[in-house]
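# Descriptive analysis of the structure
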Amino acid sequence: MGCVFCGIASGKSAAYVVHEDEEVIAFLDSNPVSRGHTLIISRKHYDNILDIPEEMVMKIAARARELASLYRSRLGADGFNTMQSSGKEAGQSVMHYHMHLVPRYKDDGLSLWLHRNADKGIDIQEAFDRIRGR
Ligand SMILES: [Zn+2]
C-alpha cells in the first residue's frame, strides 16, 4: 500500500533500527533535527492519534522513555522532546502514527516549541465551554 513506515516495519526498507520487538520498532530519522533523532512506530499501521489503540500509544511512549535513558548515557543528551503530529494540518507527513524522540544538547540552538502568540484572539473561555459541553 506504499506506506514508507510499513516498509521499514516489515524489514523491506532499510533503516537504522535502534529498537524492535513484536509490536514496536524505533529507527533514526533519515532527516534528523538533532543527533539521535528517532521515530518510534507500531509495526501495525495506524494513521494517527484518532485510530491508534490506547495500549499502543502507551507502548510507544514507554519505548521513548527507555531510549531517552539510553541516549543520555550513550550520546550525552541533556534533554528530550517527544512530539507526535496527527493530521496534515498538524504537519504529519507520513500517515503512519509515529512519535519523534528528539535528544537535546546544551546550546543546540533548536527551537521546537510552537510559537505562542497573544495576538491570535483565541477565546479560552469559549474553547473551554465547548470542550466541557456547555
Ligand atoms: Zn504504515
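Residues numbered from 1 in each chain as written. Predicted model: local features only at pLDDT ≥ 70, side-chain atom pairs only at ≥ 80, totals over all residues. Heavy atoms only, no water.

## Topic: the pattern of salt bridges
Counted under the stated rule, the structure contains 6 salt bridges. Ionic pairing is found between Arg63 and Glu66, a salt bridge with its closest N-O pair at 3.0 Å. Here Arg63 and its partner Glu66 are both found in helix H2 (residues 54-74), 3 residues apart, which amounts to about one turn of the helix. Note that Glu126 and Arg130 form a salt bridge whose closest N and O atoms lie 2.8 Å from each other. (Salt bridge = Lys/Arg side-chain N within 4 Å of Asp/Glu carboxyl O. Helix = DSSP H or I, 4+ residues; strand = E, 2+ residues; numbered from the N terminus.)

## Notes on the packing of aromatic side chains
For the structure on display, the rule yields 1 aromatic pair. Centroid distance Phe5 to Phe27: 5.4 Å. Interplanar angle 70 degrees. Geometry classified as edge-to-face. With Phe5 in helix H1 (residues 4-9) and Phe27 in strand S2 (residues 24-28), this pair connects stretches of sequence that are 22 residues apart. For the pair shown, Phe5 and Phe27 are each scored as buried. (Phe/Tyr/Trp six-rings, centres within 6.5 Å; stacked < 30°, edge-to-face > 60°. Buried < 20%, exposed > 50% of the residue type's maximum accessible area, 1.4 Å probe, protein only.)

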